[in-house]
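Architecture and fold: a report
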Amino acid sequence: MLVTLEGLDGSGKTTVWEALQASYPDATFTREPTDSWYGDAVYRSIGDDDADPIAELFLYTADHANHLSGTIEPALEAGRLVISDRYSDSRYAYQAATLRETRIDRPMEYVRSIHEPFTRAPDLTIYLDLDAERAAERSGSTNKFERREYLSVVRSNYERLIEEEPERFVRVDATQPPEAALERVESAIERRLEE
Ligand SMILES: Nc1ncnc2c1ncn2[C@@H]1O[C@H](COP(=O)(O)OP(=O)(O)O)[C@@H](O)[C@H]1O
Ligand SMILES: Cc1cn([C@H]2C[C@H](O)[C@@H](COP(=O)(O)OP(=O)(O)O)O2)c(=O)[nH]c1=O
């Protein structure tokens, strides 16, 4: 089973992902951007305020393709529970926002269309729900994506994704204390494992 954690920067995904490692010692814990050289290229682009948004989309997508074939699919084929800190929905929400600056219309549909032929949808996606203002504050606004105005567009993109696939997403209030958020996440995973 593939579980993904999504949400704005600062919503507490990494905090939850780290804590889950104690609860699921046999699971495969992974993340995007990855720690491969593709992920290094992505981080270079994140650090470049003038990066071309289309080029950046393809860097993220290359990293995802390699993540899928090298980590996710082998672990799933071995019957393991896989828990990923960010996955395809991050592209659908974030790159759909950056591509607004380009001549591509319907950017979210475009980003989904380039994933659709090869990606694998998660079985469960936990959405850590936090408003853009608090997300920018908590993340420290250290990169170009962590600004309130941009994050509010990303947040509305996530809302669209949830609306389209309500059965895949479980929304967890990220304003509650970390222990309470973790409890909600664990019970959502348990419920899905039992189904
Ligand atoms: N539920 C929470 N309430 C308040 N602060 C939190 C919570 N979860 C995480 N934080 C803090 O917010 C910051 C960002 O958390 P992090 O887990 O790195 O988020 P993300 O991976 O989503 O960017 C960290 O300083 C972390 O300690
Ligand atoms: C995986 C992914 C991340 N991002 C962005 C979100 C973050 O601002 C940045 C780095 O991701 P990440 O290291 O997960 O940041 P955080 O822990 O603060 O949430 O890259 C995208 O724009 N698209 C993507 O597909």
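Residues numbered from 1 in each chain as written. Chains lettered and ligands numbered in written order. Predicted model: local features only at pLDDT ≥ 70, side-chain atom pairs only at ≥ 80, totals over all residues.

**Some points on the overall build of the chain**
- What the chain contains, in helices and strands, is 8 helices and 5 strands.
- Computed over C-alpha atoms, the radius of gyration of the chain comes to 16 Å, within 12% of the 16 Å expected from 2.2 N^0.38 for 195 residues, which places it in the range of a compact globule.
- Dimensions of the chain, computed from C-alpha atoms along their principal axes, come out at roughly 45 × 35 × 30 Å. (Helix = DSSP H or I, 4+ residues; strand = E, 2+ residues; numbered from the N terminus. Rg over C-alpha atoms; globule rule 2.2 N^0.38 Å.)

**A word on the site of ligand 2**
- Neighbouring ligand 2 are 16 residues, the closest being Asp9, Glu32, Ser90, Tyr94 and Phe145.
- If you list the elements that add at least two residues to the shell around ligand 2, you get helix H1 (13-23) and helix H4 (88-98).
- At 4 residues, the largest contribution of residues to the shell around ligand 2 is made by H4.
- Classifying every residue of the shell around ligand 2 gives 5 nonpolar, 5 polar and 6 charged. (Near = placed C-beta within 6 Å. Nonpolar A, V, L, I, M, F, W, Y, C, P; charged D, E, K, R; others polar.)

**What to know about the environment of glutamate 167**
- As for its placement among the helices and strands, glutamate 167 is situated in the loop between helix H7 (148-164) and strand S5 (169-173).
- For the pair formed by glutamate 167 and valine 153, sequence separation is 14 residues and the distance between their alpha carbons is 23 Å.

**A look at the pairing of strand S4 (residues 124-129)**
- Where burial is concerned, most of S4 is hidden: 6 out of the 6 residues are buried.
- What you see with S4 is no split at all: Leu124, Ile126 and Leu128 on one side and Thr125, Tyr127 and Asp129 on the other are buried throughout.
- Strand direction decides the pairing type here: strand S1 (residues 2-7) and S4, joined by 5 bridges, are parallel. Directly across from threonine 4, in S4, lies its bridge partner threonine 125. (Buried ≥ 20, exposed ≤ 12 C-beta atoms within 10 Å, placed from the backbone. Pairing = 2+ DSSP bridges.)

**Focus on the environment of tyrosine 158**
- Its place among the elements puts tyrosine 158 in helix H7.
- Classification of tyrosine 158 as buried rests on a count of 25 C-beta atoms within 10 Å.
- Not counting the four nearest positions on each side in its chain, tyrosine 158 is found in contact with Glu6, Ala93 and Tyr127. (Contact = placed C-beta atoms within 7 Å.)

**Description of the UniProt feature "domain: Thymidylate kinase-like" (unreviewed entry) in the chain**
- Under the UniProt annotation, the feature "domain: Thymidylate kinase-like" (unreviewed entry) is placed at residues 5-183.
- The span residues 5-183 is 54% helix and 12% strand, and its two end C-alpha atoms sit 14 Å from each other. (UniProt positions renumbered as here; feature names shortened; annotations may be inferred.)

**Examining the environment of valine 111**
- Here valine 111 shows up in helix H5 (residues 107-115).
- In the structure, valine 111 is positioned 100 residues away from serine 11 in sequence and 23 Å away in space, judged by C-alpha atoms.
- If we skip the residues at most four places from it in the chain, valine 111 touches Leu57, Arg91, Tyr92, Gln95 and Ala96.

**Some details on the nonpolar core**
- Val16, Ala93, Ile126 and Leu128 are the most contacted members of the largest nonpolar core, which has 41 residues in total.
- Sort the elements by how many residues they give to this core and H4 lands first, with 5 residues.
- When near neighbours in sequence (up to four residues on either side) are disregarded, valine 16 contacts Leu5, Leu128, Ala181, Leu182 and Val185. (Core = buried A, V, L, I, M, F, W, Y, C linked by C-beta atoms within 7 Å.)

**Some points on the packing of H1 against helix H8 (residues 178-194)**
- Remark: H1 packs on H8, axes separated minimally by 10 Å, with the N-to-C direction vectors making an angle of 60 degrees. Considering their axes alone, H1 and H8 lie oblique with respect to each other. Relative to H8, the crossing made by H1 is right-handed. On H8, the residues that touch Thr15, Val16, Ala19 and Ser23 of H1 are Pro178, Ala181, Leu182, Val185 and Glu186.
- Here the residues of the contact of H1 with H8 are counted per class, giving 6 nonpolar, 2 polar and 1 charged. (Axes fitted to C-alpha atoms, helices over the stretch in contact; angles between N-to-C directions. Parallel < 35°, antiparallel > 145°, perpendicular 65-115°, else oblique. Left-handed = near helix turned anticlockwise from the far one by under 90°.)

**As for the site of ligand 1**
- Within the structure, ligand 1 sits among 14 residues, and Gly12, Lys13, Thr14, Thr15 and Arg138 are positioned closest to it.
- Elements represented by at least two residues in the shell around ligand 1 include exactly H1, helix H6 (132-139) and H8.
- Looking at the shell around ligand 1, the element that brings in the most residues is H1, giving 3 residues.
- Here the shell around ligand 1 is built from residues that sort into 4 nonpolar, 7 polar and 3 charged.

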